[in-house]
Amino acid sequence: MNDKFGRKLEDLRISVTDRCNFRCRYCMPEELYGEAFEFLKKDQILSFEEIHRLAEIFISLGVKKIRLTGGEPLVRKDVTKLIGSISKINNDLDIAMTTNGYLLEKYASDLFQVGLKRLTVSLDSLDNEVFQKMSGKKFNVDEVIKGISKAKSEGFENIKINTVVRKGVNEKSIMGLVDYCRSEGHILRFIEYMDVGTLNSWDIENVVNSNDILKIISNKYKLSKIEKNYPSETSNRFSFDDGKGEIGFISSISNPFCDNCTRARITADGKLVTCLFANKGMNLKSMLRSRKSNKYIISEIINMWKLRDDKYSLERSKSKIKVKNKIEMFQTGG
Ligand code: SAM
Ligand code: SF4
Ligand code: SF4
């Protein structure tokens, strides 16, 4: 099943909740998502049964990887049960999670036991003060670090650490994260700060591009570019010449990767979106709740994918037209 540019549907990211215990400035700024903000109510988000059914449908359509995300997936009650049920659909399924890691120490063991195969933890600094500036809460970074250690000791291998760098805020944290990940055997990936959604006051002035980060790291370590693991991999990979570790760069701003984008996303309230920068989606929840058959839902998904022509990142610099009302990152899932 190919879209208009010949891209297959291979990866599915499911946002299991729009709620989060952090308030990262680049995603959910505290001043906009304070106490009074109304998140989705329980009956507005997909139930585990609904997510399971959609996972089966998408796997039947050729999806090989499912990533649970959010909001913060670990704040959704019993999320480990959901992972257990999805991982039983197909033994070959690559099932992963992206988390901010704050609750990881508590859940790492269960996550491993129920069959989660891969783990990505977002961490923008090891310095507590900078960590708090980036995450928008007065939490202690040690909790995240303890969570990552626990996950490693439970058996998770090649844990990925995602870092967003904001100019003037956490550039000085880059080398500390590099050394930490090298010594612990984690794969560090720098994500360029993106113009997702409409509420994070994104400005190109706040972006530190991948080449600049690479230069900073190259002052201390010799690095060599290595092949992507598979064509749709978002990250440009480098290995350290001393053989100790690997880092990656996800450069949506300076080096977009739309040509190989095989990802679809389901929002917490059950909309199917075909691009991270979309402003609308197809309402799968209403299909599920109006008792449409799998055959019907599958044909709607196929029709949508065949018409897909998203290339937002490649076109953002050329296009003068701004996409209005883009869905926020915590709703689509990163
Ligand atoms: N709460 C989880 C977490 O932070 O890992 C999962 C959801 S979060 C939306 C997924 C990823 O999106 C995180 O790695 C986060 O750093 C990244 N992210 C959020 N807003 C971003 C932005 N404006 N630009 C780049 N990455 C962003
Ligand atoms: Fe929460 Fe993740 Fe968004 Fe930060 S990036 S506010 S942890 S959803
Ligand atoms: Fe895929 Fe859209 Fe990102 Fe391009 S901008 S890589 S099409 S999600």
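The preceding data block contains the structure.
### Comments concerning the sheet that holds strand β1 (residues 11-15)
Within the open sheet, the 12 strands sit side by side as β7-β8-β9-β6-β5-β4-β3-β2-β1-β10-β11-β12. Their pairing is mixed. With partners counted over all chains shown, the strands left at the sheet margins are β7 (223-226) and β12 (282-283), one partner each. Examined bridge by bridge, strand β5 (residues 160-164) and strand β6 (residues 187-191) share 5 bridges and lie parallel to one another. Bridge assignment links I161 to a residue of β6, and that residue is L188.

### What about the packing of aromatic side chains?
Inspection of the entire model under this criterion finds 14 aromatic pairs. With a centroid separation of 4.7 Å and an interplanar angle of 75°, the aromatic rings of F37 and F39 are classed as edge-to-face. F37 gets classed as partly exposed once you look at its relative accessible area, which sits at 30%. With a centroid separation of 5.1 Å and an interplanar angle of 75°, the aromatic rings of F112 and F156 are classed as edge-to-face. Residue F112 is located in helix α3 (residues 104-113), and its partner F156 is located in the loop between α5 (141-154) and β5; the two are separated by 44 residues in the primary sequence. Here the aromatic cluster, defined as three or more aromatic residues joined through ring pairs, consists of F22, Y102, F131 and F139. When the ring centre of F240 is taken as origin, the NZ or CZ atom of R182, which lies over that ring, is 4.5 Å away. Positioned above the aromatic ring of F5 is the side chain of K311, whose terminal nitrogen or guanidinium carbon lies 4.1 Å from the ring centre.

### Here we look at the site of ligand 3
If you check the shell around ligand 3, you find F257, C258, C261, R263, R265, C275, L276, F277, R308, D310, Y312 and S313 and nothing else. When contributions to the shell around ligand 3 are tallied by element, the ones reaching two or more residues are β10 (263-266) and α10 (312-315). Residues of the shell around ligand 3, tallied by class, amount to 7 nonpolar, 1 polar and 4 charged.

### What about unusual backbone geometry?
One non-glycine residue, D78, lies in positive phi territory at about 60°. Along the chain, D78 falls in the loop between β2 (65-69) and α2 (79-87). Backbone geometry at N158 places phi at a positive 45°, although glycine is not the residue there. Along the chain, N158 falls in the loop between α5 and β5. Taking relative accessible area as the criterion, N158 reaches 52% and is therefore assigned exposed.

### A few points about the side chain of R265
Relative to the helices and strands, R265 resides in strand β10. The contact partners of R265, leaving out residues within four places of it in the chain, are L12, R13, K271, L272, V273, L276, T332, G333 and G334.

### Remarks on the environment of T69
Following the sequence through the fold, T69 ends up in strand β2. On the basis of relative accessible area, T69 is assigned to the buried category, the value being 3%. For the pair T69 and S15, spaced 54 residues apart in the sequence, the C-alpha separation amounts to 4.7 Å. With residues up to four places along the chain from it excluded, the contact list for T69 reads R13, I14, S15, V16, T17, T98, G333 and G334.

### Let's talk about the packing of helix α6 (residues 174-184) against helix α7 (residues 210-218)
In contact at an axis separation of 10 Å, α6 and α7 are set at 65° when each is read in the N-to-C sense. Our classification of the angle between α6 and α7 gives roughly perpendicular. Handedness of the α6/α7 crossing: right-handed. Between α6 and α7, the contacting residues are I174, M175 and V178 on the first element and I213, I216 and I217 on the second. Tallied by class, residues from the contact of α6 with α7 come to 6 nonpolar, no polar and no charged.

Cut-offs applied
Residues numbered from 1 in each chain as written. Chains lettered and ligands numbered in written order. Predicted model: local features only at pLDDT ≥ 70, side-chain atom pairs only at ≥ 80, totals over all residues. Heavy atoms only, no water. Pairing = 2+ DSSP bridges. Helix = DSSP H or I, 4+ residues; strand = E, 2+ residues; numbered from the N terminus. Phe/Tyr/Trp six-rings, centres within 6.5 Å; stacked < 30°, edge-to-face > 60°. Buried < 20%, exposed > 50% of the residue type's maximum accessible area, 1.4 Å probe, protein only. Lys NZ or Arg CZ within 6 Å of the ring centre and 35° of its normal. Near = heavy atom within 4 Å. Nonpolar A, V, L, I, M, F, W, Y, C, P; charged D, E, K, R; others polar. Contact = heavy atoms within 4.5 Å. Axes fitted to C-alpha atoms, helices over the stretch in contact; angles between N-to-C directions. Parallel < 35°, antiparallel > 145°, perpendicular 65-115°, else oblique. Left-handed = near helix turned anticlockwise from the far one by under 90°.

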